[in-house]
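# Examining the three-dimensional arrangement
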Amino acid sequence: MANVIKLRKGLDINLAGKAAKEKVATAASSVYGLSPLSFPGITPKVAVKEGDHVLAGEPLFVNKACPEMGFASPVSGTVKAVVRGARRKVLMVTVEADAEQQAHDYGKADVASLDGEAVKNKLLEAGLFGYINQMPYAVVASAQTQPDGIFVSALRDMPLACDFEFELQGNEEAFKTGLKALARIAPVHLGTGAEQTAPTLTSVEGVDLNVFDGPCPAGNVDVQINHISPMSKGKTVWTVDPTAVIFIGRLFLTGKVDLTRTIAVAGSRVKSPAYTDVKVGTPLKDILNGRLTQEEHTRIINGNPLTGTHDTLDGFLGAHTSEVTVIPEGDDVNETLGWIMPRTKEFSVNHSYFSWLFGKKKTYDLDARIKGGERHMIMSGEYDKVLPMDIYAEYLIKAIIAGDIDKQEQLGIYEVAPEDFALAEFVDSSKLPLQKIVREGLDILRKENA
């Protein structure tokens, strides 16, 4: 019997351009790219050289602190370039794909016959362990730790997010196998939404099933952890994106790494928003080819509008990215007396515009403007209204800014990840980059506790 948890805090933002539940084809790309920036907390060490030939599933780079943790190439082909930034930081490894794809065979395995260590070793060998994150710190998990639990959220409720139930179609067996494999390591907690009805999600065996009923960010795995088994100092749990569970299941079923995923191509600047099947590292220009209503004054986001990263057509699909969204940039908007106009087409949390009179079902074509500059932090409780966690969000942000580590620990920094503050950043009247602040705070805390 599933445990139903009702949440009342949060905010649903109904943006225009939601993907229709149908798939469109995306042609195979000639070049794919995998970025270490998709895996927070690792120090990458390149395992290949330009000109080397790799098979799908062979490592492109490893974690310098844990050399046995590789990161699998999404395709077979020739290493085209190792792109570096300041101080020779590895930003991207690109692979020119073979016309006929080949994958390294790691061998099929019966999950029921393996113990937790064998599952870990299999994931490390195949370059998939890096898709598992850990709390605290919201970084790639350490293979040397034994988690108290593993949490998977199958509910995606950020604006324009990919519907996992639609992605799950045709991948049910891989998802169930992935959950069974993870359950050999530690107890698995699966979080779903009240409106999700797929049998694979409602009658899954061998996991603790929890149903979350409430507005965004009910789908955030850290919010779910807070209500199921709250974090504390010294406790470690792992979190796994549901698509990564499918990747893991495919490995045990076929013995090969298949990083194909279903993503939503959405946003008001996309013609006929829909879903498409692509591999991790697919160029954004191939995903969006012929699908944009216009390229000028347009914001391309590798992810959803709240937590995704600003990108260009030269970018590559991130390892954890479940949607590519395109919205207006807003840099060409000129408003005469904009501050005094009724604004029936603009979204407002505090009823500042008349648009609230049209009800919650109205869709909004919002652009990327912040609409104001950074200003002093106002202790108004606005963060708490959209963050359904038992923490004092505003005081925690102040403690991070002040660098007070003791106060951060007391206020619950071990329980949060940057994306938990995405909605707070959206409603923040002070215009602070809250997700960036939280990420920097977690990195400093992790370094101090190392």
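Residues numbered from 1 in each chain as written. Predicted model: local features only at pLDDT ≥ 70, side-chain atom pairs only at ≥ 80, totals over all residues. Heavy atoms only, no water.

Our next topic: the side chain of Asn133. Position of Asn133 among the secondary structure elements: in strand β9 (residues 132-135). In this structure Asn133 comes out as buried when scored by relative accessible area, which is 17%. The residues contacting Asn133, other than those within four sequence positions of it, are Val139, Val140, Ala141, Val237, Trp238 and Thr239. (Helix = DSSP H or I, 4+ residues; strand = E, 2+ residues; numbered from the N terminus. Buried < 20%, exposed > 50% of the residue type's maximum accessible area, 1.4 Å probe, protein only. Contact = heavy atoms within 4.5 Å.)

Once that is clear, we can look at helix α12 (residues 434-449). For α12, built from 16 residues, the straight-helix expectation of 22 Å at 1.5 Å per residue is met to within 8% by its first-to-last C-alpha distance of 22 Å. Taken residue by residue, α12 has Leu434, Gln435, Ile437, Val438, Arg439, Gly441, Leu442 and Leu445 as its buried positions. (Expected span 1.5 Å × (residues − 1).)

Here we come to the nonpolar core. In this structure, Phe39, Leu123, Phe129, Tyr131, Phe175, Leu179 and Leu190 are the most contacted members of the largest nonpolar core, which totals 64 residues. If one sorts the elements of this core by residue count, helix α6 (residues 242-254) sits on top with seven residues. Setting aside chain neighbours within four positions, we find Tyr131 in contact with Leu34, Phe39, Val240, Ala244, Phe247, Leu259, Val280, Ala319 and His320. Among the nonpolar cores identified, the runner-up in size contains 58 residues, and Val221, Val237, Tyr383 and Val386 belong to it. (Core = buried A, V, L, I, M, F, W, Y, C linked by side-chain atoms within 4.5 Å.)

It is worth spelling out the sheet that holds strand β6 (residues 66-72) at this point. Note on sheets: strands pair through backbone hydrogen bonds, and any given pair is parallel or antiparallel. The strand order across the open sheet formed by three strands is β3-β5-β6, and the pairing between neighbours is antiparallel. The two strands at the open ends of the sheet, each matched to only one other strand, are β3 (44-46) and β6. When strand polarity is set aside, the average angle formed by the axes of neighbouring strands in this sheet is 35°. In this sheet, β6 lies alongside strand β5 (residues 59-63) in antiparallel orientation, the contact comprising four bridges. By the bridge assignment for β6, Val62 is matched with Gly70. (Pairing = 2+ DSSP bridges. Axes fitted to C-alpha atoms, helices over the stretch in contact; angles between N-to-C directions.)

The five strands are arranged β16-β15-β19-β17-β18 in an open sheet whose pairing can be described as mixed. Because the sheet does not close on itself, it has two edges, and the strands there are β16 (274-279) and β18 (309-311). Within the sheet, the average angular offset between the axes of one strand and its neighbour, ignoring direction, is 30°. Two elements, strand β17 (residues 298-302) and strand β19 (residues 323-328), share five bridges in a ladder whose sense is antiparallel. Residue pairing in the sheet places Ile301 in a bridge with Thr325 of β19.

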